[in-house]
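# Reading the structure
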Amino acid sequence: MRNKGFGPGEGFPEGIMYYAWDFRNAKVEMSAVDYIRFILDWVEDMLEDIRIFPEDLESEFPPNLERDVIKPAFERILHVYAILFHYQTRNPVERIERYALESTFGHFIYASLYWGLLDFNGESATYLKEQIDIPKKSFLETVECR
């Protein structure tokens, strides 16, 4: 997805607007493309932060890692998927790109369901209900077989 002249507030799914927060904790409006870059950089910074994800085996993870780091990251990654699915429904993409998007999304939903990392009642989940239902149904069938 290229920044085809998207201005602040543009490129998001209908009726949804995501914001970033600056160092003063003030809301920053940006385009969908800039939001994706912001979120991916934010996740990368967290993964590289040894205070959050220690490198040595003797160190402990911070308390409330799941609540304070993992769940918010998964929620924001779901926002990125909502933007990508919104974009590809309005702009023809090659079949391989569509397959890659759906495949990675399916794995993301499986992990989210298995570890209980997403609230499936939020606006992004509501927007993606049709896309979520496919891997969710498969996951639930797999769990029932055990």
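Now for a look at the structure at hand. (Residues numbered from 1 in each chain as written. Predicted model: local features only at pLDDT ≥ 70, side-chain atom pairs only at ≥ 80, totals over all residues. Heavy atoms only, no water.)

### Considering the pattern of salt bridges
- Tallying each qualifying case throughout the model produces eight salt bridges.
- Arg67 is the salt-bridge partner of Asp68, the closest N and O atoms lying 2.8 Å from each other.
- Relative accessible area serves as the criterion here: at 53%, Arg67 is assigned to the exposed category.
- Where Asp133 meets Lys129, a salt bridge forms, and the shortest distance between an N and an O atom there is 2.7 Å. Here the residue Asp133 and the residue Lys129 both occupy positions in helix α5 (residues 129–145), the gap between them amounting to four residues, near one helical turn.
- Judged by its relative accessible area of 33%, Asp133 is partly exposed.
- On the basis of relative accessibility, which here comes to 49%, the residue Lys129 falls in the partly exposed class. (Salt bridge = Lys/Arg side-chain N within 4 Å of Asp/Glu carboxyl O. Buried < 20%, exposed > 50% of the residue type's maximum accessible area, 1.4 Å probe, protein only. Helix = DSSP H or I, 4+ residues; strand = E, 2+ residues; numbered from the N terminus.)

### Description of the layout of surface pockets
- The computed volume of the second largest pocket comes to approximately 200 Å³.
- The wall of the second largest pocket is formed by Phe85, Arg98, Tyr99, Glu102, Ser103, Phe105, Gly106, Glu130, Gln131, Ile134 and Pro135.
- At the level of elements, α3 (95–115) and α5 are the ones that each hand at least two residues to the lining of the second largest pocket.
- When residues in the lining of the second largest pocket are grouped by element, the largest group, six residues, is from α3.
- Counted by class, the lining of the second largest pocket contains five nonpolar, three polar and three charged residues. (1 Å grid on protein atoms, 1.4 Å probe; cavity = no way out; pocket = protein on both sides within 12 Å on 5 of 7 lines; lining within 4 Å. Points joined across faces, edges and corners; volume = space filled by probe spheres on them. Nonpolar A, V, L, I, M, F, W, Y, C, P; charged D, E, K, R; others polar.)

### Structural notes on a negative patch on the surface
- A surface patch of like charges, here negative, comprises Asp41, Glu44, Asp45 and Glu48.
- Of note, Asp45 is situated in helix α1 (residues 32–48). (Patch = residues over 30% accessible without salt bridge, like charges linked within 9 Å, V, L, I, M, F, W, Y side chains within 5 Å. Areas by Shrake-Rupley, 256 points an atom, 1.4 Å probe, with all protein chains shown as cover. Lys, Arg positive; Asp, Glu negative; His and termini not counted. Charge placed at Lys NZ, Arg CZ, Asp CG, Glu CD.)

### Brief notes about α1
- For α1, which comprises 17 residues, the first-to-last C-alpha distance of 24 Å matches the rise-based estimate of 24 Å (1.5 Å per residue) to within 8%.
- Those residues of α1 that fall on the buried side of the exposure criterion are Ala32, Val33, Tyr35, Ile36, Ile39, Val43 and Met46. On an axial view of α1, the arc spanned by its buried residues comes to 165 degrees, and they lie on one face.
- Here the buried face of α1 lies against α2 (65–90). (Expected span 1.5 Å × (residues − 1). Arc of directions from axis to C-beta. Contact = heavy atoms within 4.5 Å.)

### Side note on the packing of aromatic side chains
- Using the criterion set out here, one finds 11 aromatic pairs in the structure.
- With centroids separated by 6.2 Å and ring planes inclined at 75 degrees, the aromatic side chains of Phe53 and Phe61 adopt a geometry described as edge-to-face.
- A relative accessible area of 22% means that Phe53 is categorised as partly exposed.
- In this structure an aromatic cluster arises from ring pairing among Phe74, Tyr81, Phe85, Phe105 and Phe108.
- Above the plane of the ring of Tyr19 lies Lys27, whose end atom (NZ or CZ) is 4.4 Å from the centre. (Phe/Tyr/Trp six-rings, centres within 6.5 Å; stacked < 30°, edge-to-face > 60°. Lys NZ or Arg CZ within 6 Å of the ring centre and 35° of its normal.)

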